[in-house]
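Results of the structural survey
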Amino acid sequence: MRRVVEVSVSLVVLAVASAGAAQAQIACESLKGLQLPDVKITEATASGGASAAAPTGRPGAAARPQVPMCTVNGVIGREIKFSVQMPDAWNGKFAMGGQGNIAGTVSNMAAQQYNALGLGYATAGTDTGHAMDGQNPPTWAMDPFLGPERQVNFFHAAIHRVTVTAKAIVAARYGRAPDKSYFAGCSNGGRQGLVEVQRYPDDFDAALISAPSYNIEQLLLPRVDTGRRIFPDAKNWKTRTISNVDRMALAKAVLAKCDKNDGLEDGILSDPTTCTFKPEELACKKGQKDGCLSPKGVDAVRSWWAGVKDSKGKQLTPGFPRGGEGDNLWMQNLTGVDDLREGAYAPNSGLLRSIDYLGYFMGRPDWDYTKPTIEQLLKDMKTLDSGNGDQVDLSAFRKHGGKILLNHGETDATISYLSTNKYIDAVYANDASARNDLRYFQVPGMGHCGGGPGPQRVDWLTILDKWATGGQAPDEINASFAPQADGKAGGARKLCAYPKKQVFKGSGDGKSPDQFECK
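Here the structure is a predicted model, which is why all the values come from computation and not from measurement.

Of regular secondary structure, the protein chain possesses 13 helices and 13 strands. The 519 residues of the protein chain split such that 57% are buried. For the protein chain, restricting intrachain contacts to residue pairs at least 6 apart in sequence, the fraction spanning at least 24 positions comes to 67%. Carbon together with sulfur atoms contributes 51% to the accessible area of the protein chain, which is approximately 21,500 Å² in total.

Here we take up the nonpolar core. One finds Met-86 and Ile-169 to be the most contacted residues of the largest nonpolar core, which totals 49 residues. Per-element tally for this core: the top contributor is helix α3 (residues 147–174), with 9 residues. Leaving out residues up to four positions away in the same chain, Ile-169 has contacts with Leu-34, Leu-36, Ile-41, Val-72, Phe-82, Val-84 and Met-86. In terms of nonpolar packing, the next biggest core, distinct from the first, is built from 48 residues, Trp-140, Leu-269, Phe-361 and Ile-374 among them.

This model, assessed by the stated rule, comprises 5 disulfides. With its sulfur 1.9 Å from that of its partner, Cys-284 forms a disulfide with Cys-292. Negative torsions about the S-S bond denote left-handed disulfides, and the value of about 90° found for Cys-284 with Cys-292 makes this one right-handed. Judged by relative accessible area, Cys-284 falls into the partly exposed class, the value being 27%. Exposure remark for Cys-292: the relative accessible area of 2% places this residue in the buried category. There is a disulfide in this structure between Cys-496 and Cys-518, and the S-S distance comes to 2.1 Å. Across the S-S bond of Cys-496 and Cys-518 the torsion is about -85°, and the bridge reads as left-handed. With Cys-496 in strand β11 (residues 492–496) and Cys-518 in strand β13 (residues 516–518), the pair connects residues that are 22 residues apart, well separated along the chain. Each of the two residues, Cys-496 as well as Cys-518, counts as buried.

Averaged over the protein chain, the pLDDT score is 88; the fraction of residues at 70 or greater is 88%. Note on residues 1–23: pLDDT under 50 across the span, and 28 contacts to partners over four residues away in sequence or across chains. Here residues 341–348 is a poorly scored stretch, pLDDT under 50, and it has 24 contacts once near neighbours within four places are set aside; other chains count.

Pairing in this open sheet of 9 strands is mixed, and the strands run β1-β2-β3-β5-β4-β6-β7-β8-β9 from one edge to the other. Of all the strands in the sheet, just β1 (39–47) and β9 (438–443) have a single pairing partner and so form its edges. Pairs of neighbouring strands in the sheet enclose a mean axial angle of 15°, with direction left out of account. Each of β6 (180–186), β7 (206–210) and β8 (403–409) touches helix α4 (residues 188–199); the most contacted strand, β6, lies at about 140° to it. Its contacts with the sheet put helix α12 (residues 417–430) on β8 and β9, and the angle it makes with β9 is roughly 160°.

So, about the pattern of salt bridges. Within this structure, the stated rule accounts for 23 salt bridges. As a salt-bridge pair, Arg-150 and Glu-79 come within 2.6 Å of each other at their nearest N and O atoms. Here Glu-79 lies in the loop between β2 (69–76) and β3 (80–87) and Arg-150 lies in helix α3, a separation of 71 residues in the sequence. The exposure class assigned to Arg-150 is buried, which follows from its relative accessible area of 13%. The salt bridge partner of Arg-398 is Asp-437, with a shortest N-O separation of 2.7 Å. Highlighted residues: Arg-398 in helix α11 (residues 395–398) and Asp-437 in the loop between α12 and β9, separated in sequence by 39 residues.

In this section: α12. With 14 residues, α12 should cover 20 Å at 1.5 Å per step; its first-to-last C-alpha distance of 20 Å lies within 8% of that length. Restricting attention to buried positions, one finds in α12 the residues Tyr-417, Ser-419, Thr-420, Asn-421, Tyr-423, Ile-424, Val-427 and Tyr-428. Structurally, α12 contributes buried residues whose contacts are with α4, α5 (216–230), β8 and β9.

Counted under the stated rule, the structure contains 14 aromatic pairs. Note on Phe-155 and Phe-361: the rings are 5.8 Å apart at their centroids and 45° apart in plane angle, and the pair reads as tilted. Of this pair, Phe-155 sits in helix α3 while Phe-361 sits in helix α9 (residues 350–361), and the two are 206 residues apart along the sequence. You'll find Phe-155 and Phe-361 in the same group, each marked buried. On the basis of an interplanar angle of 40° and a centroid distance of 5.1 Å, the ring pair of Tyr-214 and Tyr-423 is categorised as tilted. On the criterion of sequence distance, the pair formed by Tyr-214 in the loop between β7 and α5 and Tyr-423 in helix α12 is long-range, its members being 209 residues apart.

Rules and cut-offs
- Residues numbered from 1 in each chain as written.
- Predicted model: local features only at pLDDT ≥ 70, side-chain atom pairs only at ≥ 80, totals over all residues.
- Heavy atoms only, no water.
- Helix = DSSP H or I, 4+ residues; strand = E, 2+ residues; numbered from the N terminus.
- Buried < 20%, exposed > 50% of the residue type's maximum accessible area, 1.4 Å probe, protein only.
- Contact = heavy atoms within 4.5 Å.
- Areas by Shrake-Rupley, 256 points an atom, 1.4 Å probe, with all protein chains shown as cover.
- Core = buried A, V, L, I, M, F, W, Y, C linked by side-chain atoms within 4.5 Å.
- Disulfide = S-S within 2.5 Å.
- pLDDT = per-residue confidence, 0-100.
- Pairing = 2+ DSSP bridges.
- Axes fitted to C-alpha atoms, helices over the stretch in contact; angles between N-to-C directions.
- Salt bridge = Lys/Arg side-chain N within 4 Å of Asp/Glu carboxyl O.
- Expected span 1.5 Å × (residues − 1).
- Phe/Tyr/Trp six-rings, centres within 6.5 Å; stacked < 30°, edge-to-face > 60°.

In structure tokens:
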């Protein structure tokens, strides 16, 4: 059998390390000479630590204490860059981190969003095999020679290859393989996690998945359908039909009608599906131009909330929930900022940018999103289905005890939590026993991978670890609010495993878990 790891370290040291990795860690710099198949180690450096602050600047992502560790950087194959971080105080486990958006820089959600290093995990991240400046179009996907390989790496191969390589590096440093291996990621990182457990079911013992963009059609169809209503002219972004003044008026009107539905007037819709506000209720009156919806604006909001249908009226995607219109992510994803400069690439509108990405991935950068029918859009998107993580049969992952802990914010304006509900329902319908190994939590008032007014501070990785190491499956979780302006605790609220929902008991300020029950 081909050797997986060849490293210049004596068998005596390895034997001692297997009995106690913390006492037998080899010198970090010696890993520069580690020989692995199709891998080039470019750097191995010991340090006093690195800040684990989340790069997104999300609420709750405060800087964490530095962690003494060993960092190993390298390249797999032609161009899959990776970085493995191994704390001196290792907990014996490994956490692979996902990447948001369409990657392009070496990043690691396990460390940056879920505090893997602070919890003692060895952890790794990657760029998934391409370099990209987030302000430029993804021309890397169209390279005539490397484009196909880069797309395969991005969609699934890079995470698998980096996981295998990282585990070998961890074993080389500590003298033994990790006791448990987990994946952790949100958005595209959530998609990566689902793809992993479906395509490579033996890579991980458990996966922490948040707001997964698990299906290309579910992700992009609503964007194109609503995008051409908000930006009807693909070449003139200043023709948008909803301004941010209109958006904030919409947010205020939705809360005014629906905030009390759950028994609490707190700026949070505990169940957005109970809100019946219609966009025409904010239609502009005669002579009114700002803080209301024009006929085209009404049409755009209606399409976003209702979901996409084909020409025969068949529902193709769930709609987006009401209640998050005041969040900056609603602006970033839909209306864009007010400075829509002519000629700028994707004018700070995530909606337009993701539509633009689709053209490059299809090899058609001049693709005009305003023209295709819904049926043609579906056909175009089918060419990218290799990136989907929507298989409902999880038996291969579950048969060795694999666990999945999933969560999604209910006011997410990037990926609808109702789309995730659709996937979970399909998994449970395929095999009711899947609920034994898959738990899903909806988070009221939370946006995409965080943000928003809802309770969202949860140590998800620790909860997953307790479950994966023999503990009971979580049915109720306490989630904390961000601290108040004066530094005092912001309180907490109970989250419930799907399909149960949190129900306010009728008294209190909504900032204590005992004021809620799961029904």
